[in-house]
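Residue-level structural notes
One letter stands for each residue in the lines below.
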Amino acid sequence: MEQNLAEFKIIGISIQTTNEGGQSTEDIGKLWGQFYSDGISDKIPNKRSEEVYSIYTDYETDHTGKIRAIIGQKVTSLDKIPDGLIGREFKGGEYSKLVAKGEMPNAIVDLWKKVWKEGKELKRRYTADFEIYGAKSQNGADSEVDVFIATE
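All of the points below concern the structure found in this document. (Residues numbered from 1 in each chain as written. Predicted model: local features only at pLDDT ≥ 70, side-chain atom pairs only at ≥ 80, totals over all residues. Heavy atoms only, no water.)

Considering the pairing of strand β3 (residues 52-57)
With 6 of 6 residues buried, β3 is to be regarded as a mostly interior element. Neither face of β3 is open: one carries V52, S54 and Y56, the other Y53, I55 and T57, and all of them are buried. By the bridge criterion, 6 bridges tie β3 to strand β7 (residues 128-133) in an arrangement that is antiparallel. Looking at the pairing, T57 lines up with A128 of β7. Here β3 pairs with strand β4 (residues 66-75) via 5 bridges, running antiparallel. (Buried < 20%, exposed > 50% of the residue type's maximum accessible area, 1.4 Å probe, protein only. Helix = DSSP H or I, 4+ residues; strand = E, 2+ residues; numbered from the N terminus. Pairing = 2+ DSSP bridges.)

Quick word on the nonpolar core
By size, the foremost hydrophobic cluster in this structure holds 29 residues, and its most contacted members are F35, I44, Y56, I108 and W112. If you list the elements that add at least two residues to this core, you get β2 (8-18), α1 (23-37), β3, β4, α3 (106-117) and β8 (144-150). Top contributing element to this core by residue count: α3, with 5 residues. Beyond its immediate sequence surroundings of up to four residues, W112 is in contact with Y56, R124, D129, E131, V147 and I149. The next biggest cluster of nonpolar side chains, apart from the first, holds 13 residues, and it includes L5, F8, I70 and A150. (Core = buried A, V, L, I, M, F, W, Y, C linked by side-chain atoms within 4.5 Å. Contact = heavy atoms within 4.5 Å.)

Things to note about the packing of aromatic side chains
What the rule picks out here adds up to 12 aromatic pairs. Both rings, one in Y56 and one in W112, keep their centres 5.4 Å apart while their planes meet at 80 degrees; by these two values the pair is edge-to-face. Placement of Y56 in strand β3 and of W112 in helix α3 is noted, with a sequence separation of 56 residues between them. Members of the aromatic cluster, connected to one another through ring pairs, are F8, Y53, F90, Y95, F130 and F148. (Phe/Tyr/Trp six-rings, centres within 6.5 Å; stacked < 30°, edge-to-face > 60°.)

As for the sheet that holds β8
Ordered by their spatial adjacency, 8 strands build an open sheet running β1-β6-β8-β7-β3-β4-β2-β5, and the pairing between neighbours is antiparallel. Two strands bound the open sheet, and with one partner strand each, they are β1 (2-5) and β5 (86-90). The mean angle between the axes of side-by-side strands here comes to 35 degrees, regardless of whether they run parallel or antiparallel. Its contacts with the sheet place α1 against β2, β3, β4 and β7, and it is angled at close to 135 degrees to β2. (Axes fitted to C-alpha atoms, helices over the stretch in contact; angles between N-to-C directions.)

Some remarks on the pattern of salt bridges
Applying the stated criterion to the full structure yields 6 salt bridges. A salt bridge links D58 to R68; its shortest N-O distance comes to 3.6 Å. Here D58, found in the loop between β3 and β4, pairs with R68, found in strand β4; they are 10 residues apart in sequence, far enough to count as distant. Residue D58 is classed as partly exposed on the basis of its relative accessible area of 38%. For R68, a relative accessible area of 23% gives the class partly exposed. Note that D58 is salt-bridged to R88, the shortest N-O span being 2.9 Å. Here R88 lies in strand β5 and D58 lies in the loop between β3 and β4, a separation of 30 residues in the sequence. (Salt bridge = Lys/Arg side-chain N within 4 Å of Asp/Glu carboxyl O.)

See the structure below:
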């Protein structure tokens with residue numbers, strides 16, 4: 001389902017990684033661990049909601065090159081970015097909305113494999129793609145996570 005999204009701001013933590021050899025799965029798993037073990041959510045000022053965003057941006061080429069992964073939360077302002085965190089603003093635009101359903105993180109991994117195969121059909125922009133972890137994301141086998149893919 002195509003949607004036009006407004007620009008938004010995020011504060012969180014990040015890592016540069018690659019999908020080569022499953023590296024991103026390992027790196028992003030560690031980033032999630034750090035997000036929760038370091039209480040990052042409690043350090044983020046000006047939060048708009050409790051939803052957690054997992055964003056993929058700064059694509060070197062496409063899904064086969066280096067990417068930056070950011071885990072954080074949507075904020076109203078980037079005026080105060082705590083030490084050790086990063087703040088980024090993302091332009092709005094056309095996005096294709098998909099929903100990963102099932103046990104996490106397996107459902108997300110399966111959805112991304114499908115997206116990588118269908119990249120040309122989706123007309124991806126490789127600017128910023130993201131997942132939103134809200135109330136439905138922690139329901140075991142009935143979990144749902146919205147995934148937004150930047151498209152032309």
